[in-house]
Amino acid sequence: MQSFMRIFFVLIIAVCIYGDSSEEKRETQRQISEKCKKEVGITEDRPHGPPNLDDPKEKCLHACFMKESGILVDGKVAVENVTNFHKKHWPNFNDETEKKITSCVETANEKSDECDIAAAMMKCIHEKLGPPPPFPRHKE
């Protein structure tokens, strides 16, 4: 499970950073990453890999990424935004995928804390959809 979470997190970040080949997009994502790490107090020497979703700082780091990417809006996961993200990056997106994402959003949004919402969303997506695709991809 831990290795799948590592792969999941690394690929999600890779999709965010490298999914759009433009240098401007990569720079924006780098700035978001730096901003979020500073905001939650994570130093550069933290281990690479997925967040430990039992660690409050790691949960909040993921919440910050979600806020900055427009997935977490006004303290809740925006179902349309997260669905659009997955449509763009998940190669076999279909109606069943959308139902699973909607279910995860509903479950995550039962939490009251943004950091807990982000962690619940990430865990649920991994459980329902499995690990992300092996390569960052965009559906045209």
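Now for a quick tour of the structure. (Residues numbered from 1 in each chain as written. Predicted model: local features only at pLDDT ≥ 70, side-chain atom pairs only at ≥ 80, totals over all residues. Heavy atoms only, no water.)

**Things to note about the overall build of the protein chain**
- On a plain count of helices and strands, the protein chain comes out with six helices and two strands.
- Here the protein chain holds 140 residues, and 44% of them are scored as buried.
- Contacts spanning at least 24 positions in sequence make up 68% of the contacts within the protein chain whose residues lie at least 6 apart.
- Carbon together with sulfur atoms contributes 51% to the accessible area of the protein chain, which is approximately 8,100 Å² in total. (Helix = DSSP H or I, 4+ residues; strand = E, 2+ residues; numbered from the N terminus. Buried < 20%, exposed > 50% of the residue type's maximum accessible area, 1.4 Å probe, protein only. Contact = heavy atoms within 4.5 Å. Areas by Shrake-Rupley, 256 points an atom, 1.4 Å probe, with all protein chains shown as cover.)

**A word on helix α2 (residues 23–40)**
- With 18 residues, α2 extends 26 Å from end C-alpha to end C-alpha; this agrees with the ideal 26 Å at 1.5 Å per step.
- Residues Q29, I32, S33, C36, K37 and V40 constitute the buried set of α2. Along the long axis of α2, the arc covered by the buried residues comes to 130°, so they all point the same way. Every exposed residue of α2 that faces more than 90 degrees away from the buried side is listed here: E23, E24 and K38.
- Looking one or two residues past α2, G41 carries a phi angle of roughly 80°, positive in sign. (Expected span 1.5 Å × (residues − 1). Arc of directions from axis to C-beta.)

**Concerning the side chain of K59**
- Relative to the helices and strands, K59 is located in helix α3 (residues 56–68).
- For K59, a relative accessible area of 17% gives the class buried.
- Filtering out sequence-adjacent residues up to four positions away, K59 remains in contact with L53, C115, D116, A118 and A119.

**Notes on the packing of α2 against α3**
- For the pair α2 and α3, the least separation of the axes is 9 Å and the interaxial angle reads 140°. Judged on the interaxial angle alone, α3 and α2 are oblique. As α2 runs across α3, the sense of the crossing is right-handed. Touching I32, S33, K35, C36, K37, E39 and V40 of α2 are K57, C60, L61, C64, F65, K67 and E68, all from α3.
- Residues that form the contact of α2 with α3 fall into these classes: seven nonpolar, one polar and six charged. (Axes fitted to C-alpha atoms, helices over the stretch in contact; angles between N-to-C directions. Parallel < 35°, antiparallel > 145°, perpendicular 65-115°, else oblique. Left-handed = near helix turned anticlockwise from the far one by under 90°. Nonpolar A, V, L, I, M, F, W, Y, C, P; charged D, E, K, R; others polar.)

**Some thoughts on the nonpolar core**
- Ranked by internal contacts, the top residues of the largest apolar core, which has 21 residues, are M66, V77, V82, I101 and M121.
- Of all the secondary structure elements, the ones that give two or more residues to this core are α3, α4 (79–89), α5 (95–108) and α6 (114–129).
- Ranked by residue count, the leading element in this core is α6, at eight residues.
- I32, C36, C64 and F65 belong to the second-largest nonpolar core, a separate cluster that totals seven residues. (Core = buried A, V, L, I, M, F, W, Y, C linked by side-chain atoms within 4.5 Å.)

**Details of unusual backbone geometry**
- In this model, D74 sits at a positive phi of 50°, which is unusual for a non-glycine residue.
- Within the secondary structure, D74 sits in the loop between β1 (72–73) and β2 (76–77).

**Looking at the environment of E27**
- Assignment of secondary structure puts E27 in helix α2.
- You can call E27 partly exposed: its relative accessible area is 30%.

**Side note on the state of the cysteines**
- Tallied over the entire structure, the rule returns three disulfides.
- Take the cysteines of the protein chain that form disulfides and number them in order along the sequence; they join up as 1-3, 2-5, 4-6. (Disulfide = S-S within 2.5 Å.)

**Focus on the pattern of salt bridges**
- Tallied over the full model, the rule gives six salt bridges.
- Between K59 and D116 there is a salt bridge; the shortest N-O distance is 2.7 Å. Note that K59 is positioned in helix α3 and D116 in helix α6, a separation of 57 residues in sequence.
- Using a relative accessible area of 29% as the deciding quantity, one classes D116 as partly exposed.
- The salt bridge partner of E114 is K67, with a shortest N-O separation of 3.0 Å. Taken as a pair, E114 in helix α6 and K67 in helix α3 lie far apart in primary sequence, 47 residues in all.
- What makes E114 partly exposed here is its relative accessible area of 26%. (Salt bridge = Lys/Arg side-chain N within 4 Å of Asp/Glu carboxyl O.)

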